[in-house]
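Coordinates in review
This is what each chain is made of:
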Number of protein chains: 2
Amino acid sequence: MTQITIFVFMNLNDFYEKGAQLFLPNLSVDLVIIGYTDSKLKCLLLQLGDKWILPGGYILRTESVDDATLRILQERTGLDDPHFKFLSVFGGKDRKFTEEWRQFFKINNLPFKEDYWTNDRFVTLAYYSLVDFESTTPVIGNLDTAFGWFDLDQLPNMMMDHKEIVLTAKERLKEDVRHEYLSYNLLAEDFTMPQLHQLHQTILGEELDRSRFQKKMLASGMFERLPKLQTDSPGRKPYLYRVKKD
Amino acid sequence: MTQITIFVFMNLNDFYEKGAQLFLPNLSVDLVIIGYTDSKLKCLLLQLGDKWILPGGYILRTESVDDATLRILQERTGLDDPHFKFLSVFGGKDRKFTEEWRQFFKINNLPFKEDYWTNDRFVTLAYYSLVDFESTTPVIGNLDTAFGWFDLDQLPNMMMDHKEIVLTAKERLKEDVRHEYLSYNLLAEDFTMPQLHQLHQTILGEELDRSRFQKKMLASGMFERLPKLQTDSPGRKPYLYRVKKD
DNA sequence: CCAAAAGTGTTATGGCTACACCCATGT
DNA sequence: ACATGGGTGTAGCCATAACACTTTTGG
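This structure is a prediction, so every number in the text was calculated from the model and none was measured.

It is worth spelling out the protein's contact with DNA strand D at this point. Taken together, 20 residues lie around DNA strand D, and Arg212 of chain A together with Arg210, Ser211, Arg236 and Tyr239 of chain B are the ones closest in. Near the protein, within 4 Å, the atoms of DNA strand D are sugar or phosphate in 56% of cases. Aspartate 209 of chain A is positioned with one of its side-chain polar atoms (N or O) 3.5 Å from a base nitrogen of DNA strand D. Here a base oxygen of DNA strand D and a side-chain polar atom of arginine 210 of chain B are 2.8 Å apart. Those elements that place two or more of their residues in the surface near DNA strand D are helix 6 (210-220) of chain A together with helix 6 (210-220) of chain B. Among the elements that make up the surface near DNA strand D, the one with the highest residue count is helix 6 of chain B (4 residues).

See below:
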């Protein structure tokens, strides 16, 4: 499969020279893309130089903020219709990447100009997205050297306030999962209650009564029961469930 | 008292010619300032031409988004330490005021240029603020001809998506008041439980059991009881309460 | 048969609902 | 005295907590 870059329509030089005409300047979107595997929450990060950053992008003048978020998310994950939710605005007064970019351009022998629009101060709109780890195929950008899924409890050295953004998402997820049924976005289409139960325990970082959890979920009426899952492990076979669509 | 304008440091011409250097372009802050009087929720609006708009402003390059919000709020209300809370991002793809400004400039015989930075597309960060109606002294801007407190159920003709922003705030307030104790920001420092009770009923648009409400509030432990209020109305005198500060 | 895993049931408790009752004060 | 308005009490109900019990399946 060919690798797609996020700036499909322009080369890197054009991006720096003409980007300010195409995108809204001083404004960006950052995504906390969260997956779940091996009973752990993972966050998708990209490597830039010796640090890690959140996937993100800029808003085209011709698209709404939501359109931009969806587009960037699709470009980065390969998913058709990913879940996402607004997290917070990060608008610190010295929020700029000048030094990081300068270093990066130097190391990679790229032409650098102090007045590139990307060196200006940025306000970022942070969103979080809950994705099925298995069906997500991360895509790196022009400048990134790698992607990685990091445990939310073991984050690497990150650029600027990006670690703070991830931790905000982690806390927000805890709050949201108590009020809304959104956690299923982290699982495949069909899942069992024990899986959902374990997921909630991981998100909240505490034990939840099995019995109560199951009854509460079923009482919500938003899951439909499917045939039992067949495995070769010992013990009773759990039912599969799926979110009712309507 | 002399009237203060929001752009204390520059004249109108400079604002249009040089504003883009001082402020972050394509980004604004809009405020839904909500007060409570006569058992009704009121929203502070400013008149611009024949329409009404939300008070708002732009973010200085030297200040954080929160600083800007607080500054604008203080300038507009005269309050020292007003409450405010992030509401939502409004980022529609055609969100610009060009025609409105053109008309307004024409009517007022002001020089108008198509390429003023304020004619560009804007993403706005909407905040809502709950203020004590009595101690708020609204201040109009350079271009506004009047201010007004409008009943949330009887909003006037408003510019662009500003009415949608107000209605979003109204709904958000309903949600928030069920989870958090923030409604007291709408009252004076000392208030009675019947007053707080009526306020909640107004916000939620439904009747709430008097008994239950009182017990719930007192059980929260966040209010301290003061001497009874003296009035000349018939009936028992209610206690005054104040939010405990710790 | 036993251990493991999933599903269901039972009792206690705490908060919420709805209403009744009691207290204080002006006319 | 009584109307008005504020404060508190109580019985029923429902969701949750804690834990016990039963069912299914592999070894």
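Further notes follow.
What follows deals with the UniProt feature "domain: Nudix hydrolase" (unreviewed entry) in chain A. Residues annotated by UniProt as "domain: Nudix hydrolase" (unreviewed entry) correspond here to residues 24-173 of chain A. As annotated, residues 24-173 of chain A has a helix share of 23% and a strand share of 30%, and its two end C-alpha atoms lie 29 Å apart.

Below, the discussion takes up the packing of aromatic side chains. In the structure shown here, the tally under the stated rule is 43 aromatic pairs over all chains. Ring plane angle 90 degrees and centroid distance 5.8 Å describe the contact between phenylalanine 191 of chain A and phenylalanine 223 of chain A, whose orientation is recorded as edge-to-face. With phenylalanine 191 of chain A in strand 8 (residues 191-192) and phenylalanine 223 of chain A in strand 9 (residues 223-228), the pair connects residues that are 32 residues apart, well separated along the chain. By relative accessible area, phenylalanine 191 of chain A is classed as buried at 1%. We classify phenylalanine 223 of chain A as buried; its relative accessible area is 9%. Taking 6.3 Å as the distance between ring centres and 85 degrees as the angle between the ring planes, the aromatic pair formed by tryptophan 101 of chain B and phenylalanine 105 of chain B counts as edge-to-face. With a gap of 4 residues between them, tryptophan 101 of chain B and phenylalanine 105 of chain B both fall in helix 3 (residues 98-107), about one helical turn apart. Take tryptophan 101 of chain B and phenylalanine 105 of chain B: they sit in the same class, and that class is buried. Taken together, the ring pairs connect Phe15, Tyr16, Phe23, Tyr58, Trp101, Phe105, Phe112, Tyr116, Trp117 and Phe122 of chain A into an aromatic cluster. Sitting above the plane of the tyrosine 239 of chain B ring, lysine 228 of chain B keeps its charged end 5.0 Å from the centroid.

Moving on to the relation of the copies chain A and chain B. The transform that puts chain A on chain B rotates by 180 degrees and translates by 0.0 Å along the axis, for an RMSD of 0.1 Å. Interpreted geometrically, this transformation is the action of a two-fold axis.

Reading the values: rules and limits
- Throughout, a residue's number is its position along its own chain's written sequence, starting from 1.
- All chains are assigned letters beginning at A, and all ligands numbers beginning at 1, according to the order in which they are written.
- Per-residue local features are limited, in this predicted model, to residues with pLDDT of at least 70; the limit for side-chain atom pairs, both in listing and counting, is 80 or more; totals at the level of whole chains, interfaces and linings are taken over all residues.
- Derived side-chain values reflect all non-hydrogen atoms in the structure, with water molecules and hydrogen atoms excluded from consideration.
- What makes a residue near a molecule or strand is one non-hydrogen atom of that residue sitting within 4 Å of it.
- Two N or O atoms form a polar contact when they lie within 3.5 Å of each other; inside protein one atom must be a possible hydrogen donor and the other a possible acceptor, and for residues adjacent in sequence the pair counts only when both atoms belong to side chains.
- A helix here means a DSSP run of H or I that spans at least four residues, while a strand means a run of E at least two residues long, and both kinds are numbered starting from the N terminus.
- UniProt positions are given in the numbering used here, feature names are shortened, and annotations may be inferred rather than shown by experiment.
- Here the aromatic set is Phe, Tyr and Trp, taking the six-membered ring for Trp, and pairing holds for ring centres within 6.5 Å; pairs whose planes are under 30 degrees apart are stacked, those over 60 apart are edge-to-face, and all others are tilted.
- Burial status follows relative accessibility: with a 1.4 Å probe on protein chains alone, a residue under 20% of its type maximum counts as buried, one over 50% as exposed, and anything between as partly exposed.
- Ring-over charges, as used throughout, are those where CZ of Arg or NZ of Lys falls within 6 Å of the ring centre and within 35 degrees of the ring normal.
- C-alpha atoms of residues with pLDDT of at least 70 in both copies form the basis for the least-squares superposition of the copies.

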